Amino acid sequence: MTVPEDRCRLVLIVPDIADIEQRATAVADALRGGDVASVIIPQYGLDDGTFQKHAEKLVPVIQAAGAAALVAGDSRVAGRAKADGLHIAGNITELTEAVEKFVPKLIVGGGSAADRHSALEVGELRPDYIFFGKLDGDIKPEAHPKNLALGEWWASMIEIPCIVMGGTDPKSALEVALTGAEFVALHKAVFADPAAAPSIVAEVNALLDEKAPRFED
C-alpha cells in the first residue's frame with residue numbers, strides 16, 4: 001500500500017461498539033480499505049478496566065495495518081496497550097502535562113481549540129498535531145464551518161499538522177482536504193454501517209487521490 005504523503009490523509013475514530021470482538025473486526029475491516037494515517041480510540045462510557053481491555057485488543061490491529069494507534073485521554077492505558085500516542089481532548093493544562101511528560105516517546109496531540117487564540121496557545125506547546133472539532137462532533141453531513149475555517153487558517157500559517165473533524169458524509173473528507181489540512185478525521189461517515197467501512201475508506205482515498213490539493217515540499 002503506497003502512502004500518499006503529499007496530500008490530506010485519513011484519521012479514523014473507533015466506533016462505540018460494546019462488544020470487543022465486533023469492535024476489533026469493524027476497525028480491522030475499515031483498515032483493509034486503504035490508507036489510514038492513524039486511529040483514535042476514545043473511552044466513551046467504558047470503565048477504566050474495560051477500556052484497557054479494548055485498547056489492548058485494538059492497538060495491535062491498528063498497528064498491523066500500518067496506522068498509528070492513539071488512545072484518547074488515558075496515558076496509563078496508552079502505555080499498557082503499547083499505543084503509539086495519546087490524544088488529549090481536554091484543556092490546555094492536560095495537554096501541557098502530556099507533551100512535557102511523553103514527547104517524543106509518544107505521539108501527543110489534540111486540544112479543544114474553538115478559536116484562533118486558543119489554537120495558538122496549543123501551538124506554543126509544540127504538540128505533534130492539533131485537532132479542530134470534537135471526536136463526536138460529526139452531527140451533520142458536512143464538516144463544521146468553524147472547524148474548516150480554523151483548519152484553513154492554521155494550515156496556511158503553522159507548521160504543526162492539523163486534523164479537522166469531518167462530517168457524516170464521506171465526501172466531507174474533500175471539504176477538509178481543500179482547506180490545506182494535513183488530516184481529516186472520520187467517525188460515523190465510515191462506521192455507521194460497519195460492513196460498508198472498507199469500501200468507504202477506499203472511496204475516500206480515491207476521492208482524495210483525485211481531487212485533494214498536493215502539499216509543496
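Residues numbered from 1 in each chain as written. Predicted model: local features only at pLDDT ≥ 70, side-chain atom pairs only at ≥ 80, totals over all residues. Heavy atoms only, no water.

Chemist: Quick question: what am I supposed to make of the overall build of the protein chain here?
Modeler: Check the secondary structure of the protein chain and you find nine helices and eight strands. The globule rule puts the C-alpha radius of gyration for 217 residues at 17 Å, and the 16 Å found for the protein chain is close to it. Once the C-alpha set of the protein chain is aligned to its principal axes, its extents read approximately 40 × 40 × 30 Å. Taking all 217 residues of the protein chain together, 51% fall into the buried category. Counting contacts in the protein chain only where the partners sit at least 6 residues apart, residues at least 24 apart contribute 61% of the total. The positive charge centre, built from 20 side chains, and the negative charge centre, built from 33, are 3 Å apart in the protein chain. (Helix = DSSP H or I, 4+ residues; strand = E, 2+ residues; numbered from the N terminus. Rg over C-alpha atoms; globule rule 2.2 N^0.38 Å. Buried < 20%, exposed > 50% of the residue type's maximum accessible area, 1.4 Å probe, protein only. Contact = heavy atoms within 4.5 Å. Lys, Arg positive; Asp, Glu negative; His and termini not counted. Charge placed at Lys NZ, Arg CZ, Asp CG, Glu CD.)

Chemist: Help me understand the side chain of Asn147, please; the structure alone is not making it clear to me.
Modeler: Take Asn147: it is sitting in helix α6 (residues 145-157). The class for Asn147 is buried, based on a relative accessible area of 10%.

Chemist: Explain the packing of helix α5 (residues 116-124) against α6 to me, please; I cannot follow it from the model alone.
Modeler: Packed helix pairs are characterised by how far apart their axes lie and by the angle those axes make with each other. Here α5 crosses α6 at 45 degrees, and the two axes come no closer than 11 Å. Taken as axis vectors, α5 and α6 run oblique relative to one another. Two packed elements cross with a definite hand, and for α5 against α6 that hand is right-handed. Where α5 abuts α6, its residues Arg116, Ala119, Leu120 and Gly123 lie against Leu150, Trp153 and Trp154. (Axes fitted to C-alpha atoms, helices over the stretch in contact; angles between N-to-C directions. Parallel < 35°, antiparallel > 145°, perpendicular 65-115°, else oblique. Left-handed = near helix turned anticlockwise from the far one by under 90°.)

Chemist: When you look at the layout of surface pockets in this model, what are you seeing that I'm missing?
Modeler: Vacant regions in the atomic arrangement are exposed by a probe of water-molecule size rolled over the atoms. Its volume calculated, the largest pocket comes out at about 350 Å³. No other element matches the three residues that α6 contributes to the lining of the largest pocket. Here the lining of the largest pocket is composed, by residue class, of six nonpolar, five polar and five charged. Put simply, the second largest pocket is a space of about 210 Å³. Lining of the second largest pocket is provided by eleven residues; of these, Ala155, Ile158, Glu182, Phe215 and Glu216 occupy positions nearest its centre. Taken together, the residues that form the lining of the second largest pocket break down as four nonpolar, two polar and five charged. (1 Å grid on protein atoms, 1.4 Å probe; cavity = no way out; pocket = protein on both sides within 12 Å on 5 of 7 lines; lining within 4 Å. Points joined across faces, edges and corners; volume = space filled by probe spheres on them. Nonpolar A, V, L, I, M, F, W, Y, C, P; charged D, E, K, R; others polar.)

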